[in-house]
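Structural overview for review
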Amino acid sequence: MASPSDVAGAARGHAFAARSSRRIAARLVWQNSSAKLLDEVGDLLVQGVVQRVEQMPGGPVLVHLPQGWLFEADRNAALDGLSAPRPDAWISRLEAFHPRLIAVALACLLGAYSIWRWGLDLIVALAMAVTPELPVKGMDQSSLFMLDRLMADESRIPAGRQAEVQAIFDQLTDQVPDAPWGDYRLEFRDMPDIGPNAFAMPAGTIVITDQLLDEFSQDDVIAGVLAHELAHVHERHVLRQLYRAGSSYLLIALIAGDPGPFLQDMLLEGNALMSLSYSRRQEAQADALGTATAGAAGYDAAALAMFFERLQRDYGDGDLGWLSTHPGMEERILRIRNRARPSP
Ligand SMILES: [Zn+2]
């Protein structure tokens, strides 16, 4: 591209300081894109690169100068050759923008793309990353409180038996990673309406029903069930599913920067934890990790399959308890058995 020939000139007119409407009689002298703005007596007002030359329709020519100075050429003045530097590359055009504006625009685009591409998973992952321990612990407490008010009675299981089950639980928790948002704790409850069941709360509270302990006396089965629930906690399934269930509120909570009130609201809206269903992937993961944990603690790794079979036999495909929140039972039984089978 040919370089423009050298041009120089001068014109009379008026100058305006930045954000000022006071007209100052002035003279603009320029060489190519560099200009000096002088007042009547020849004192320098500003000098630098011409930023923009604007021809008002039917009006004067306006020359934008550094520091917000504006030069309005007299109507009859000739400004031959005066121009702003040519933006040779897109990068120089970008530089004229505020760099932070560009960053914000890019972040918005990236955000929109991410939501489109990864959607809920990304939002949930973000929320989990910023969730502090305290509200999650509070969640366990309020869930238990709601449970006791709505559907659970004090356990009828004798203290001696409770201590034995607690000992199984302690053996298992020795084998698993720490709870991400709290501590593991076992709670016994009499829950005739939900039958033989066990479920986890996000900070690590596991509730086991009297109905489960009534029907299943073998330690291996109890260990299998508890280890499965522990896996839902340390793999963060519980909080993840709660967040997924309340995803629209979650966005607002994230934007507000404090998921605490969101968690409280979700809990007050009924029994979120009891109606929580995990994905098949999460169940498969909890089965695999749970049976491994039970095995490592010295229990029969296949006992969880026994538990599933008994439930299936006794409760069929009814919507009671464990079966309603744990789909795909037959396939899972097979997988647990295959995994537990000693390799030849
Ligand atoms: Zn499960």
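The rules behind the values
- Residues numbered from 1 in each chain as written.
- Predicted model: local features only at pLDDT ≥ 70, side-chain atom pairs only at ≥ 80, totals over all residues.
- Heavy atoms only, no water.
- Helix = DSSP H or I, 4+ residues; strand = E, 2+ residues; numbered from the N terminus.
- Buried < 20%, exposed > 50% of the residue type's maximum accessible area, 1.4 Å probe, protein only.
- Contact = heavy atoms within 4.5 Å.
- Areas by Shrake-Rupley, 256 points an atom, 1.4 Å probe, with all protein chains shown as cover.
- Pairing = 2+ DSSP bridges.
- Axes fitted to C-alpha atoms, helices over the stretch in contact; angles between N-to-C directions.
- Expected span 1.5 Å × (residues − 1).
- Phe/Tyr/Trp six-rings, centres within 6.5 Å; stacked < 30°, edge-to-face > 60°.
- Lys NZ or Arg CZ within 6 Å of the ring centre and 35° of its normal.
- Polar contact = N/O pair within 3.5 Å; in protein donor to acceptor, adjacent residues only side chain to side chain.

**What to know about the overall build of the protein**
On a plain count of helices and strands, the protein comes out with 13 helices and 11 strands. When each of the 344 residues of the protein is scored for burial, the buried share is 43%. Within the protein, contacts between residues at least 6 apart in sequence are counted, and of these 61% link residues at least 24 apart. Looking at the protein as shown, the accessible area adds up to about 18700 Å², and 54% of this sits on carbon and sulfur atoms.

**Quick word on the sheet that holds strand β11 (residues 205-209)**
Spatially, β8-β9-β11-β10 is the arrangement adopted by the four strands of the open sheet, whose pairing is mixed. The open sheet has two edge strands with one neighbour each: β8 (153-154) and β10 (198-200). Sheet topology places β8 next to strand β9 (residues 185-190); two bridges connect them, and they run antiparallel. Across the sheet, Asp 153 pairs through a bridge with Asp 190, a residue of β9. Docked against the sheet, helix α3 (residues 133-150) engages β9, β10 and β11, running at close to 10° with respect to β9.

**What to know about α3**
Between its terminal C-alpha atoms α3 stretches 26 Å, which fits the 26 Å expected from 18 residues at 1.5 Å a residue. By the burial criterion, the buried members of α3 are Pro 135, Val 136, Gly 138, Met 139, Asp 140, Ser 142, Ser 143, Leu 144, Met 146 and Leu 147.

**Some thoughts on the sheet that holds strand β1 (residues 8-16)**
Taken together, the seven strands give an open sheet; going across it, the order is β4-β3-β2-β1-β7-β6-β5, and neighbouring strands pair in antiparallel fashion. Two strands bound the open sheet, and with one partner strand each, they are β4 (44-49) and β5 (52-55). Taking each pair of neighbouring strands and ignoring which way they run, the sheet shows an average axis angle of 30°. Across three bridges, strand β6 (residues 61-64) lies against strand β7 (residues 70-73) in antiparallel orientation. Within β7, the position partnered with His 64 by the bridge is Leu 70.

**Side note on the packing of aromatic side chains**
Scanning all chains against the criterion turns up two aromatic pairs. Taken together, the ring pairs connect Phe 216, Phe 307 and Phe 308 into an aromatic cluster. In this arrangement the basic side chain of Arg 310 is found over the ring face of Phe 216, its NZ or CZ atom lying 4.6 Å from the centre.

**Observations regarding unusual backbone geometry**
In the Ramachandran plot, Gln 67 falls in the positive-phi region, its phi being about 60° despite a non-glycine side chain. Turning to its location among the elements, Gln 67 is positioned in the loop between β6 and β7. Using a relative accessible area of 63% as the deciding quantity, one classes Gln 67 as exposed. A positive phi angle, near 65°, is found at Arg 236, a position not held by glycine.

**Topic: the environment of Arg 189**
Within the secondary structure, Arg 189 is located in strand β9. Assessed through its relative accessible area of 12%, Arg 189 is described here as buried. Remark: the alpha-carbon pair of Arg 189 and Ala 152, spanning 37 residues in sequence, is separated by 6.0 Å. When near neighbours in sequence (up to four residues on either side) are disregarded, Arg 189 contacts Leu 144, Asp 148, Ala 152, Asp 153, Ser 155, Val 207, Ile 208, Thr 209, Asp 210 and Gln 211. Reaching out from Arg 189, the side chain makes a polar contact with the side chain of Asp 148 at a distance of 2.6 Å.

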